[in-house]
Amino acid sequence: MSVRQSLFAATTVAIVAFAIAPASAQTLRYANQGDLKSLDPYTLRETTTTAHHAHIYEALVTRDKQLKTIPALAESWETPEPTRWRFHLRHNVKFHNGDPFTADDVIFSADRVRAKGSNFTSVIPPDAKFVKIDDYTVDVVLSSPNPILITQWDGWYIMDKKW
């Protein structure tokens, strides 16, 4: 048997051994400076709670390792006018209950984040109008230009409209 065949056979045996090995549960422990105060992403704007929410919810945009704003639930965006942002939403995204993610969820989340009791009301300008163009396109119309709008949205998480 050649060296190449021997290596191939050894690799195959190792892969099969790992594939049939029983999975073992392990305990994960971590330390945190505070307690999770709420599972509702709009109730409390507090660092520890928001950090926990980031493991459950997703925003239209997020940050990369260099803190640059990058796409998340929004595949892309543009500003066709100085007072209009257009967001093109990701397709084939589902919530935990199987509901598809659409523009209606963005509009619901925008209304909810501006509702009484939300600690995130400053994230979205109060006069912003959210307009559904189609199931995967949303316009945000502002009364005045806001060139840094999306830099505030990496912590504004989108919820299922059925919530």
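Residues numbered from 1 in each chain as written. Predicted model: local features only at pLDDT ≥ 70, side-chain atom pairs only at ≥ 80, totals over all residues. Heavy atoms only, no water.

Student: Would you mind going over the pairing of strand β4 (residues 84–89) with me for this structure?
Tutor: Remark: a regular strand shows side chains that alternate across the two faces of the sheet. Alternating residues of β4 divide into Trp85, Phe87 and Leu89, all buried, and Arg84, Arg86 and His88, none buried. Relative to β4, strand β3 (residues 74–81) runs antiparallel, the two sharing 5 bridges. Paired with Trp77 across the bridge in β4 is Phe87. Linking β3 back to β4 in an antiparallel pair, the connection comprises 2 residues. As defined by bridge partners, β4 adjoins strand β6 (residues 137–141) across 5 bridges and the pair is classed as antiparallel. By the bridge assignment for β6, Phe87 is matched with Val138. (Buried < 20%, exposed > 50% of the residue type's maximum accessible area, 1.4 Å probe, protein only. Helix = DSSP H or I, 4+ residues; strand = E, 2+ residues; numbered from the N terminus. Pairing = 2+ DSSP bridges.)

Student: Explain the pattern of salt bridges to me, please; I cannot follow it from the model alone.
Tutor: Pairs can form between side chains of opposite charge whenever their charged atoms are close. With the rule as written, the count across this model stands at 11 salt bridges. Two residues, Glu81 and Arg84, come together in a salt bridge whose shortest N-O distance is 3.5 Å. Judged by its relative accessible area of 38%, Glu81 falls in the partly exposed class. With a shortest N-O distance of 3.5 Å, Lys162 and Asp99 are connected by a salt bridge. Taken together, the positions of Lys162 in the segment after β6 and Asp99 in the loop between β4 and α3 (103–113) put the pair 63 residues apart, joining distant regions of the chain. What makes Asp99 buried here is its relative accessible area of 13%. The network of salt bridges with common partners includes Glu81, Arg84, Arg86 and Asp139. (Salt bridge = Lys/Arg side-chain N within 4 Å of Asp/Glu carboxyl O.)

Student: What is the right way to look at the environment of Tyr136 in this model?
Tutor: Tracing the sequence through the fold places Tyr136 in the loop between β5 (129–134) and β6. Separated by 46 residues in sequence, Tyr136 and Arg90 have C-alpha atoms that sit 7.0 Å apart. Not counting residues up to four positions away in its chain, the partners in contact with Tyr136 are Phe87, His88, Leu89, Arg90, His91, Phe101 and Thr102. (Contact = heavy atoms within 4.5 Å.)

Student: What is the right way to read the nonpolar core from this model?
Tutor: Among soluble globular proteins, nonpolar side chains are generally buried collectively. The biggest cluster of nonpolar side chains holds 29 residues, and the ones touching the most others in it are Leu60, Phe130, Trp153 and Trp156. Looking at this core, the elements that each hand over two or more residues are β4, α3 and β6. No other element matches α3, which puts 4 residues into this core. Not counting the four nearest positions on each side in its chain, Phe130 is found in contact with Val106, Ile107, Ala110, Arg114, Ile124, Val138, Asp139, Val140, Trp153 and Trp156. (Core = buried A, V, L, I, M, F, W, Y, C linked by side-chain atoms within 4.5 Å.)

Student: Explain the side chain of Thr49 here, please?
Tutor: With respect to the helices and strands, the residue Thr49 is situated in helix α2 (residues 47–53). Within polar-contact distance, the side chain of Thr49 engages the backbone nitrogen of Lys37 at 3.3 Å. Within polar-contact distance, the side chain of Thr49 engages the side chain of Glu46 at 2.6 Å. With residues near it in sequence (within four places) discarded, Thr49 still touches Asp35, Leu36, Lys37, Ser38 and Leu44. (Polar contact = N/O pair within 3.5 Å; in protein donor to acceptor, adjacent residues only side chain to side chain.)

Student: Could you clarify how one ought to interpret the packing of aromatic side chains in this entry?
Tutor: Two descriptors summarise a pair of aromatic rings, namely the distance from one centre to the other and the angle between the planes of the rings. Applying the stated criterion to the full structure yields 9 aromatic pairs. Relative to Trp156, the ring of Phe130 has its centre 6.0 Å away and its plane inclined at 65°; by these criteria the two rings are edge-to-face. Linking Phe130 in strand β5 with Trp156 in the segment after β6, this pair joins segments that are 26 residues apart in sequence. By relative accessible area, which is 0% here, Trp156 ends up buried. Taken together through their ring pairs, the aromatic side chains of Trp77, Trp85, Phe87, Phe130, Trp153 and Trp156 make up a single cluster. (Phe/Tyr/Trp six-rings, centres within 6.5 Å; stacked < 30°, edge-to-face > 60°.)

Student: Please explain the environment of His52 as it appears in this structure.
Tutor: Residue placement: His52 occurs in helix α2. Here the alpha-carbon distance between His52 and Pro41, two residues 11 residues apart in the chain, equals 9.5 Å. Excluding residues within four positions of it along the chain, His52 makes contact with Tyr30, Asn32 and Leu36.

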